[in-house]
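Observations on the three-dimensional arrangement
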Amino acid sequence: MFYSNEIVETVRQANPITDVVGQYIQLKNNKGLCPFHDDKKPSFSVHPHKGIAKCFACMPHAIDVFGFVMLMEKVSFPEAVKILADRSGIDLPDFSEEDRQALEKQKKRERILEEAVLFCHNQLMSVLKLENGKEAV
Ligand SMILES: [Zn+2]
């Protein structure tokens, strides 16, 4: 499953991180008990303007709203997008046959390009080998 950046950003904007996090844990002044470790004091903070959240105790990096749902629901990125799209009433485009074919075509083009590059590389290598051979003589 694959969603365009445009769709992902639309879903992100429709789901403010404070709202989404607030569904799972109680936030006070954008801080709350971390749901990902046994938290005694509020280590989990949300930065609504940046659209990120971070636990100072158990997270080396901040996460965005999708990352939060992925951790919370133990799902993959596309599933997190789907959950948040459903939550905010956004219809995600299904992969149409056309999209699928376009994607296949693109993959094929990339493969052809790779082969072409490899072919040139091999040609060049054999030319170099020849020249090296000449020098040796
Ligand atoms: Zn934590």
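Look above for the structure.
Presented here is an overview of the structure given in this document. (Residues numbered from 1 in each chain as written. Predicted model: local features only at pLDDT ≥ 70, side-chain atom pairs only at ≥ 80, totals over all residues.)

1. Remarks on the overall build of the protein
Spelled out, the test is: Secondary structure elements follow DSSP: runs of H or I of four or more residues count as helices, runs of E of two or more count as strands, with numbering from the N terminus. Just to be clear, the radius of gyration here is over C-alpha atoms, and the globule rule we use is 2.2 Å times residues to the power 0.38. To sort residues by burial, count the other C-beta atoms lying within 10 Å of each one's C-beta; a count of 20 or more means buried, 12 or fewer means exposed, and anything in between means partly exposed. C-beta atoms are built from the backbone. Residues are treated as contacting if the C-beta atoms built from their backbones sit within 7 Å of each other.
Along the backbone of the protein there are five helices and four strands. The order of helices and strands in the protein, counted from the N terminus, is α-α-β-β-β-β-α-α-α. Taken against the 2.2 N^0.38 rule, which gives 14 Å for 137 residues, the C-alpha radius of gyration of the protein at 24 Å runs more than 25% over that of a compact globule. Expressed along its principal axes, the backbone C-alpha trace of the protein runs to roughly 80 × 40 × 25 Å. Burial statistics for the protein: of 137 residues in total, 13% are counted as buried. Once local pairs closer than 6 in sequence are excluded, the contacts in the protein between residues at least 24 apart make up 38%.

2. Quick notes on helix α3 (residues 65-73)
Inclusion rule: Arc definition: directions from the helix axis to the C-beta atoms.
Every buried residue of α3 is accounted for by Val65, Phe66, Phe68 and Val69. The buried residues of α3 occupy an angular sector of 160° when the element is viewed end-on, so they sit on one face.

3. Comments concerning the sheet that holds strand β3 (residues 52-55)
Consider a sheet: its strands pair through backbone hydrogen bonds, and that pairing is either parallel or antiparallel. Quick reminder of the rule: Any two strands are treated as partners once DSSP identifies two or more bridges connecting them.
The strand order across the open sheet formed by four strands is β1-β2-β3-β4, and the pairing between neighbours is antiparallel. Taken across any chain shown, the strands that pair with only one partner, and hence form the sheet edges, are β1 (31-32) and β4 (63-64). As paired elements, β1 and strand β2 (residues 44-47) share two bridges and run antiparallel to each other. Across the sheet, Lys31 pairs through a bridge with Ser45, a residue of β2.

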